[in-house]
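Single-letter residue listing:
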Amino acid sequence: MVRTTRLYPRPKLTGTPRKTDGGIPLAGIYDYLEDKDGILTVDGVSSVELASRFGTPLYVYSARRIRDNYRRIHDAFAARRENFRANYAVKANNNLSVLDLLRQEGAGADCAGPGEIRMARSVGFPPDRILYSGNYNSDEELRYGLESGAVINLDDGPLLERLLKFGTPEALCFRINPGFGKGAYPGVVTAGPDAKFGMREREALKAYRRAKEAGIERLGVHMMAGSNVLETPYWAAITDRLTGIAARIAKALRIELDFIDLGGGFGVPSKIGETPLPIQDVAKKVVDAYERRLASTPGIGDPTLMIEPGRYLVSDAGILLASVTHVKTSAKRFVGCDAGMNTLLRPALYGAYHEILPATKLRARRSVRANVTGPICENTDMLGKDRRLPRLEVGDLLAVLNAGAYGYAMASRFNSRPMPAEVLVVDGEAHLVRERETLDDLVRGEPVPSAVA
Ligand code: PLP
């Protein structure tokens, strides 16, 4: 008899972690993962089957979880404010099938450059539902953005003159640095005195004046102040700060605003025991602060409230499956696998924490402590340090959780390792949604002059 244990219960906004009989702690969010006789399954598909059909390292996403995430955050805001829109931050995970799924759910797209605009357009996002938030743009990028029909979000006032050389957009917005930001790691704080992004209020005022003179009809205000924030009070404070700036600009220039975009940054727990963001509460506090400001600013109009979550929609909907390739005991115990910092950069880049499950030995006693490493020639190549794991052997599978955002998107070919494959599980069926690169892909497109001669 196959025994099935739900590893994680349906999403709960609060709650204390529990343990399954296999000793696997519960995060309260991975409701699509199950323990089937000690083997991890993803929306009903066995990790062993996934690895044997598609190979490893392999990113696996749950379509159901992505949908649930979108509906949860969208509905929390839309229930409180009709004039609301959510754009998906494509940079978090640019897989075309993920984009298509979110487009079908009704999301717009937040794009960081021409590549993301091209990808979003290819799955049918209409140009007017794309916001192009670049920074340090080249002229070619500005021109591409304008010609694509996307709404352009400029990161600095002087960029406007360069954009106007190519034409006058109907809609435009500027990215404001509200003076403070927040993030799970210093590297993901994107506002405040050290941030390379956005404009201070006095520079913004000049830029909006110039945009008005240029005859741009619809003007918006944007910020993106930090990523992976799990604290509710921050959201009310940052909304209040940005809308305060927006209100002063609108009053000084006598303009109605078309939209105010609070950016992304909605956090996802990475450690067992962290409390998920209480999104209903966050939405209430944000909408209350937003509408209070509109009510006290006659002439500002009825700007659409916009957000652009990336991580919140996809992070906990994805895992990275890796095969154990070698186990070594020297000064420490190392479990080596075929995924490294080239596959998932976040631990090396930010010191980000990802839970790691022994996907083929879920019920084995976790009797050893080990560092989980990949095959890359850097000592920062650690997916996890000092983790409690069972005794693992070559061929066992590991599942790195919370890998759906900034996973594949930040992966590289470092050490000349081909890019991994991606699979989307839809209604219990696994679909290959990005092919694994081969060694031959590594030597394509690089003509060698001496060989050509
Ligand atoms: N919008 C902009 C302009 C960003 O730069 C980012 C992330 O860097 C996001 C949205 C998405 O952020 P998150 O994934 O934290 O929601």
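Residues numbered from 1 in each chain as written. Predicted model: local features only at pLDDT ≥ 70, side-chain atom pairs only at ≥ 80, totals over all residues. Heavy atoms only, no water.

1. Concerning the side chain of E116
Then, in step 1: Position of E116 relative to the elements: it lies in helix 4 (residues 114–122).
Then, in step 2: The residues touching E116, leaving out its near neighbours within four places in the chain, are V90, K91, D110 and C111. (Helix = DSSP H or I, 4+ residues; strand = E, 2+ residues; numbered from the N terminus. Contact = heavy atoms within 4.5 Å.)

2. Focus: the environment of I376
Then, in step 1: In this structure, I376 sits in the loop between strand 17 (368–373) and strand 18 (382–389).
Then, in step 2: With 28 residues separating them in the primary sequence, I376 and A348 have C-alpha atoms 11 Å apart.

3. Notes on the site of the ligand
Then, in step 1: In the region of the ligand, 13 residues are neighbours, and S227, G265, E308, R311 and Y406 sit closest.
Then, in step 2: Within the side chain of E308, a nitrogen or oxygen atom sits 2.7 Å from a nitrogen atom of the ligand.
Then, in step 3: Note that an oxygen atom of the ligand is positioned 2.8 Å from one of the backbone N or O atoms of R311.
Then, in step 4: With the chains in place, 91% of the 400 Å² that the ligand exposes on its own is no longer accessible.
Then, in step 5: Taken together, the residues of the shell around the ligand break down into 4 nonpolar, 4 polar and 5 charged. (Near = heavy atom within 4 Å. Polar contact = N/O pair within 3.5 Å; in protein donor to acceptor, adjacent residues only side chain to side chain. Areas by Shrake-Rupley, 256 points an atom, 1.4 Å probe, with all protein chains shown as cover. Nonpolar A, V, L, I, M, F, W, Y, C, P; charged D, E, K, R; others polar.)

4. Here's the deal with the nonpolar core
Then, in step 1: F77, Y88, L172, Y208 and F266 are the most contacted members of the largest nonpolar core, which has 103 residues in total.
Then, in step 2: The element that contributes the greatest number of residues to this core is helix 8 (residues 232–253), accounting for 10 residues.
Then, in step 3: Setting aside residues up to four positions removed in sequence, F266 forms contacts with I73, F77, V229, W235, L277, I279, V282, I307, P309, R311 and Y312. (Core = buried A, V, L, I, M, F, W, Y, C linked by side-chain atoms within 4.5 Å. Buried < 20%, exposed > 50% of the residue type's maximum accessible area, 1.4 Å probe, protein only.)

5. Some remarks on helix 8
Then, in step 1: Under the 1.5 Å per step criterion, the end-to-end length of helix 8 is 32 Å for 22 residues, consistent within 8% with the ideal 32 Å.
Then, in step 2: Within two residues after helix 8, R254 carries a phi angle of roughly 50°, on the positive side. (Expected span 1.5 Å × (residues − 1).)

6. Things to note about unusual backbone geometry
Then, in step 1: Omega for the peptide link from T56 to P57 comes to 0°, which places this bond in the cis form.
Then, in step 2: Checked against the element boundaries, P57 lands in the loop between helix 1 (47–54) and strand 5 (58–62).
Then, in step 3: Here the phi dihedral of D43 falls at roughly 45°; this positive angle occurs in a residue that is not glycine.
Then, in step 4: As for its position among the elements, D43 is in the loop between strand 3 (39–42) and strand 4 (45–46).
Then, in step 5: On the accessibility criterion, D43 (15% relative accessible area) is buried.
Then, in step 6: You will see that Y406, though not glycine, has its phi angle at about 55°, which is positive.
Then, in step 7: Along the chain, Y406 falls in the loop between strand 19 (397–400) and strand 20 (421–426).
Then, in step 8: Looking at Y406, the relative accessible area reads 14%, which means it is buried.

7. Describing the sheet that holds strand 10 (residues 171–175)
Then, in step 1: In space, the 8 strands of this closed barrel follow the order 6-7-8-9-10-11-12-13, with parallel pairing throughout. On average, each strand axis in the sheet is tilted by 25° relative to the strand beside it, whichever way the strands run.
Then, in step 2: Along the sheet face, helix 5 (residues 139–148) touches strand 8 (130–133) and strand 9 (151–154) and points at about 145° away from the line of strand 9. (Pairing = 2+ DSSP bridges. Axes fitted to C-alpha atoms, helices over the stretch in contact; angles between N-to-C directions.)

8. Concerning the state of the cysteines
Then, in step 1: Counting across every chain of the model gives 0 disulfides.
Then, in step 2: No disulfide involves C173; its nearest neighbouring cysteine sulfur is the one of C111, lying 13 Å away.
Then, in step 3: In this structure C377 is not part of a disulfide, and its nearest cysteine sulfur, from C337, lies 14 Å away.
Then, in step 4: What makes C377 exposed here is its relative accessible area of 64%. (Disulfide = S-S within 2.5 Å.)

9. Considerations on the confidence of the model for the protein chain
Then, in step 1: Averaged over all residues, the pLDDT of the protein chain equals 92, while 93% of them reach at least 70.
Then, in step 2: Of the regions scoring below 50 in pLDDT, residues 8–27 engages in 59 contacts with residues more than four places distant in sequence or in other chains. (pLDDT = per-residue confidence, 0-100.)

10. Considerations on the pattern of salt bridges
Side chains that differ in charge, positive against negative, can pair when their charged atoms come close.
Then, in step 1: Across all of its chains, the model carries 31 salt bridges by this definition.
Then, in step 2: With a shortest N-O distance of 3.7 Å, R67 and E105 are connected by a salt bridge. Here R67, found in helix 2 (residues 63–78), pairs with E105, found in helix 3 (residues 96–105); they are 38 residues apart in sequence, far enough to count as distant.
Then, in step 3: Relative accessible area serves as the criterion here: at 25%, R67 is assigned to the partly exposed category.
Then, in step 4: Salt bridges sharing common partners tie together D31, D43, R64, R65 and D316. (Salt bridge = Lys/Arg side-chain N within 4 Å of Asp/Glu carboxyl O.)

11. Focus: helix 5
Then, in step 1: Buried within helix 5 are the following residues: L142, G145, L146 and S148. Axial view of helix 5: buried residues confined to an arc of 165°, hence all on one face. Along helix 5, the residues that are exposed and aim more than 90 degrees away from the buried face are E140 and E147.
Then, in step 2: Within two residues after helix 5, G149 carries a phi angle of roughly 85°, on the positive side. (Arc of directions from axis to C-beta.)

12. Observations regarding the pairing of strand 6 (residues 84–89)
Then, in step 1: Burial analysis of strand 6 places 5 of its 6 residues in the buried class, the great majority of the element.
Then, in step 2: Summarising the sheet, strand 6 and strand 13 (residues 304–307) pair through 3 bridges and their orientation is parallel. Among the inter-strand pairings, R85 is bridged to a residue of strand 13, identified as M306.
Then, in step 3: With 3 bridges connecting them, strand 6 and strand 7 (residues 108–111) associate as parallel partners. Across the sheet, the residue bridging to N87 is G108, located in strand 7.
Then, in step 4: Once the chain exits strand 6 it traverses helix 3 before rejoining the sheet at strand 7, and the crossover so formed is right-handed. (Right-handed = clockwise from strand over helix to strand, strands pointing away.)

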